[in-house]
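The chain contents come next:
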Amino acid sequence: MPIAVISSLYRFERHLPTFSAAVFGLARKTSDAGISVHFLPIVNDASTHEREGIERLAGEINGRYYGRMTPQYVPRETLYASWNRGLAAAQAPYFTFWNADDIRSAAAFSEGYNALQSGANLVDFDYSRVSQTRRFGLLPREGRVAVPCMFDGESFTRRVGIGPFFMASKSLYAQVGPFDPNFQVAGDTEWASRALPWVKFQRGRADGGDFIVHGDNLSNTGGDREDIEVNIIFMRRGDWGQLRPANPTSMRAAWERWGNPDRIALPAAEADFLWGPAAERRWKRYQRERRQRPALRRLRLVLASRGLIHSVEWAMAQRGRARS
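Below is a summary of the structure that appears in this document. (Residues numbered from 1 in each chain as written. Predicted model: local features only at pLDDT ≥ 70, side-chain atom pairs only at ≥ 80, totals over all residues. Heavy atoms only, no water.)

1. Brief notes about helix α3 (residues 79-89)
Buried within α3 are the following residues: Leu79, Tyr80, Ser82, Trp83, Asn84, Gly86 and Leu87. Turning to α3, the residues buried within the fold contact β1 (3-10), β2 (37-44), β5 (94-97), α5 (170-176) and α6 (187-195). (Buried < 20%, exposed > 50% of the residue type's maximum accessible area, 1.4 Å probe, protein only. Helix = DSSP H or I, 4+ residues; strand = E, 2+ residues; numbered from the N terminus. Contact = heavy atoms within 4.5 Å.)

Okay, here's the thing in structure tokens:
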């Protein structure tokens, strides 16, 4: 049975050489393993160079390997709108996503495919978070951190999410519904939160691949938009203990404009926490604390846990435990 690999691509010229090589390599290895892969790049607002590169890659894959690539070229849209578009076009019973700046493991891909064929409908993996930094125009330096599988088939908290290399069945997608295109950063996490009632989850043994952090990533940045979207996920679930300080003005605007389609009644205490008189001061302190150097951050949390200083970050962790 085939599997669809959907990539939402936008302004990816600098990643095109490594992405092309990685896709070509995966196509060769999966073909050798007898796995039919349908690569579906959804190319947003393509430049001439991007279009030429994808067409060249499609030409190298089509007719050579046990699989195919059918690019779609669209005006710019959100990441999750492109994911839904790719899933609408995919006829395969299984799917996964691939960001142009990440490197997938062929071993994990094969393991996930086999798990889906064996009855799981969602497979997620440990992965490596690779941070690339440049200093004084030199070659990028890399720092590698192992990230355990984030998904939990039984519960959902801020420590639970879904990894960049997850794989799932189209039948699960049909039960859960499409990704919410209003999200720009955390739409995969929001979808995973809705999937819990139907999930037959399996954790992969292999490392899923390398998630490359280079400064232009949408997710895993701790930015304002990500903080707001994660709050909205838990506001929709009525899980108030998982809320954290966010930009009060932007938080309220997002909730009222697009984040609350079901007209959920927000308790007065939670509205006050998110955008009341003290919210901006709390949010700014929370941001400062999270930006501290790791050693200072750990020291502050230790002192706060002993009641020696006040820490917003520590208070938020206790807030979540008290309401769980």
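2. Focus on the pairing of β5
Of the two faces of β5, the one holding Tyr94 and Thr96 and the one holding Phe95 and Phe97 are both buried throughout. Of the strand pairs in this sheet, β1 and β5 are connected by four bridges, and their pairing is parallel. Bridge assignment links Ile3 to a residue of β5, and that residue is Tyr94. As paired elements, β5 and strand β9 (residues 167-169) share three bridges and run antiparallel to each other. Residue pairing for β9: Thr96 is matched across the bridge by Met167. (Pairing = 2+ DSSP bridges.)

3. Thoughts on the nonpolar core
Grouped burial of nonpolar side chains is what soluble globular proteins tend to show. Counting 52 residues, the largest nonpolar core has Phe95, Phe179, Trp191 and Met235 as the members making the most contacts within it. Among the elements that line this core, the one with the most residues is helix α7 (residues 224-236), at six residues. In this structure, Trp191 is in contact with Phe95, Leu122, Phe166, Leu172, Tyr173, Val176, Gly177, Pro178 and Phe179, ignoring residues within four places of it in sequence. (Core = buried A, V, L, I, M, F, W, Y, C linked by side-chain atoms within 4.5 Å.)

4. Focus: the environment of Ala265
Turning to its location among the elements, Ala265 is positioned in the loop between α8 (248-259) and α9 (268-275). With a relative accessible area of 66%, Ala265 lands in the exposed category. The spacing of Ala265 and Gly238 is 27 residues in sequence and 9.3 Å in space, taken between C-alpha atoms.

5. Details of the pattern of salt bridges
Across all of its chains, the model carries 16 salt bridges by this definition. Among the salt bridges present, the one from Arg319 reaches Glu270, with a minimum N-O distance of 2.6 Å. Highlighted residues: Arg319 in helix α12 (residues 312-323) and Glu270 in helix α9, separated in sequence by 49 residues. Comparing Arg319 with Glu270 shows no difference in burial state: the two are buried. In this structure, the salt-bridge partner of Glu313 is Arg297, at a minimum N-O distance of 2.4 Å. Taken together, the positions of Glu313 in helix α12 and Arg297 in helix α11 (residues 294-305) put the pair 16 residues apart, joining distant regions of the chain. Residue class for Glu313 comes out buried when judged on its relative accessible area of 13%. Each of the salt bridges in this network shares a partner with another, and the network as a whole consists of Arg285, Glu289, Arg297, Arg300 and Glu313. (Salt bridge = Lys/Arg side-chain N within 4 Å of Asp/Glu carboxyl O.)

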